[in-house]
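Residue strings, one per chain:
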Amino acid sequence: MAYLLMFVTLLHLITLAMQFIATMEKSWWVWDVLENSDLWYNCRFDNSTGTWLCASSKETEWLKAVQVLMVLSVVFSSVSFLVFLGQLFTMSKGGLFYFTGLCQVFSGLNAFSAALIYTLHNKAILPDSRELTSGHFGYCFILAWVCVPLLLCSGVIYIHLRTTSKMIPLALPKGTDKLCELCQREARLQCTECRVTYYCDEEHQQADWVGIHERICQLLAPIRTPTLYSLQWAGRIETQLKKAELIEICRLVAQSKLSEGKHQEALPAAQFCLHCSIDLHGPSTVQMVPAYLLLAEANMGLGNLARVAELLSQAEWAVLKSPECGHAVRHRLHRSLGRLHTATGNLEAALLNFADDIYFASEEYGLDSTVTCGGYFLMADVFTKQGKMPIARSLYSQVAHTWHCHLTKLLKTHVQNVQNPDMLLESSYDKAQLVEVDEMLKTMLEFEQNDFRKDSTQVALVAHCLAMLWFLGGDSLKALGFGSTALQASQLIPNHDLTEPIQGLLQLVQNLQTESHPV
Ligand SMILES: [Zn+2]
Ligand SMILES: [Zn+2]
């Protein structure tokens, strides 16, 4: 970036000089060593006095056109250079590089027209009395042609600079304490919007911009710029509140990116959340744990298990040091630890952690909560890996029952709300959550269908869950598919008490379809 700026400045200056020379100097046309013509005069070298004797050129229409175009070209190029300099020093926001680029391109087009006219109509421009074959084009004419591609090139570079002008090179000597926001290496770039955030290269700048900076750029300047007020007590309190607000924003952004499966994009937000939490609460405090867990989850998704282990042990240490730490935090910590141990193949440790996870979750949310049964599901996964199918099966059935109760309740409220449109809520699950639950239930359905015992009650239960889930999620095709699977399974069992609710659900879906596609 810095080199590009230097290069384009140099290019612009050289081109400008060439344009001046081409416009003002003698010899667009050379008759012989002693006589030549430029845009303004015909000159002859007088040997006796050793000076040039010049007379104004005869002003034909074509010559006037060339003169005007060349002057315009110089003017545009100069204006664009001044604007560029102004932009560099004030570094104001907006599309000024764009303006510079367009000016430069326009100047190039003017020079092109001038040179083209001179090439095609030199007969009309030069004095009639002379025979053209006795002369040739001079160096100013060649310079004018050379200017054309240079002007166009620098114009394009300016327009390109404009698109990447979210940052400027740091005019700081080496060894200053500006560090990259993402990797903490020495920084070379600065965010032009807030001017308080630094990066080692464009890649990190771009990653941070997409990940979180776009959302918090405007909020950072008042926090990171110390003023007299911010050093006083009231100012400090205000800064602390702003930091807490920032942490919350970053936490939400990281969370939503994680639930969309964008682990790489979630990293900057999670990392910022961590740094800001350390800043606000100090290291190894329990307030740090959510940030550690977010960062660990992002790294888990990327497969950096060593980093996950490191982060989780820091979180564990912070929790150990604070006995007042809440159940919700402990539940999330143990779930993450369990996932880590599952991934590294340490299945016994994973089971212990999931057991703790379930304990703390049930203390916080209740035993029959869907949050708690997430732990059962993960545990069942470990038992499947160990080949302990009966335990896995009973855990899965526990999970299926919990979700069945939960979804039945949701469906009931949904149907009531449909009858009473004022109460109609938005879909109770967002897309990412839907997909997550869908994956979990489908794993269980496959497990049951591949099981040698073929427990139809269980298949009907899980398929009914999936049908309700997708009905609530607004996908009636999937709801119909899982609904009919559930119905088939339940009809294998005489007097099965699920048959009626499943038929009711299928009826609901069909009503919905005929409503949206009237025959
Ligand atoms: Zn970096
Ligand atoms: Zn910024």
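Refer to the structure above for everything that follows.
The structure presented is a predicted model; accordingly, all values stated were derived computationally and were not measured. (Residues numbered from 1 in each chain as written. Chains lettered and ligands numbered in written order. Predicted model: local features only at pLDDT ≥ 70, side-chain atom pairs only at ≥ 80, totals over all residues. Heavy atoms only, no water.)

**Section: unusual backbone geometry**
Thinking step 1. If you check the backbone angles, Gln-184 has positive phi at about 65 degrees while not being a glycine.
Thinking step 2. Tracing the backbone shows Gln-184 in the loop between strand 6 (167–169) and strand 7 (189–191).
Thinking step 3. With a phi close to 65 degrees, Arg-195 is a non-glycine residue in the positive phi region.
Thinking step 4. Its location among the elements puts Arg-195 in the loop between strand 7 and strand 8 (198–199). (Helix = DSSP H or I, 4+ residues; strand = E, 2+ residues; numbered from the N terminus.)

**Considerations on the sheet that holds strand 2 (residues 35–37)**
Thinking step 1. With antiparallel pairing, five strands are arranged side by side in an open sheet as 4-3-2-1-5. Bordering the open sheet on either side are strand 4 (51–56) and strand 5 (136–137), each of which pairs with just one other strand.
Thinking step 2. Inspection of the sheet shows strand 3 (residues 41–46) paired to strand 4 by six bridges, in the antiparallel sense. Paired with Phe-45 across the bridge in strand 4 is Trp-52. (Pairing = 2+ DSSP bridges.)

**So, the coordination of the zinc ion (ligand 2)**
Thinking step 1. Distances from the zinc ion (ligand 2) to its protein donors, Cys-191 (SG), Cys-194 (SG), His-213 (NE2) and Cys-217 (SG), fall at 1.9 to 2.3 Å.
Thinking step 2. In this structure, the zinc ion (ligand 2) is surrounded by four donor atoms whose angles at the metal cover 105 to 113 degrees, and the resulting shape is tetrahedral.
Thinking step 3. Along the chain, the residues donating to the zinc ion (ligand 2) fall in the pattern C-x2-C-x18-H-x3-C. Pair noted here: Cys-191 is in strand 7 and Cys-217 is in helix 6 (residues 202–224), with a separation of 26 residues, a long-range link.
Thinking step 4. Residue class for Cys-217 comes out buried when judged on its relative accessible area of 2%. (Donors = N, O, S within 2.8 Å, 3.2 Å for Na, K, Ca; no water. Tetrahedral: all angles 85-135°; square planar, octahedral: opposite > 155°, others 65-115°. Buried < 20%, exposed > 50% of the residue type's maximum accessible area, 1.4 Å probe, protein only.)

**A few points about the nonpolar core**
Side chains that are nonpolar tend, in soluble globular proteins, to be buried together.
Thinking step 1. Ranked by size, the top nonpolar core spans 52 residues in total, and within it Val-399, Trp-403, Leu-441 and Met-444 carry the most contacts.
Thinking step 2. Among the elements of the structure, helix 13 (347–365), helix 14 (370–386), helix 15 (389–419), helix 16 (431–450), helix 17 (456–472), helix 18 (476–491) and helix 19 (499–516) are those that each provide at least two residues to this core.
Thinking step 3. Per element, the largest residue contribution to this core is 13 residues, and it comes from helix 17.
Thinking step 4. Ignoring sequence-local partners within four residues, the contact set of Met-444 consists of Phe-377, Tyr-396, Val-399, Ala-400 and Val-462.
Thinking step 5. Counting residues in each nonpolar core, the second largest holds 49 residues, with Cys-200, Leu-280, Ala-298 and Leu-337 among its members. (Core = buried A, V, L, I, M, F, W, Y, C linked by side-chain atoms within 4.5 Å. Contact = heavy atoms within 4.5 Å.)

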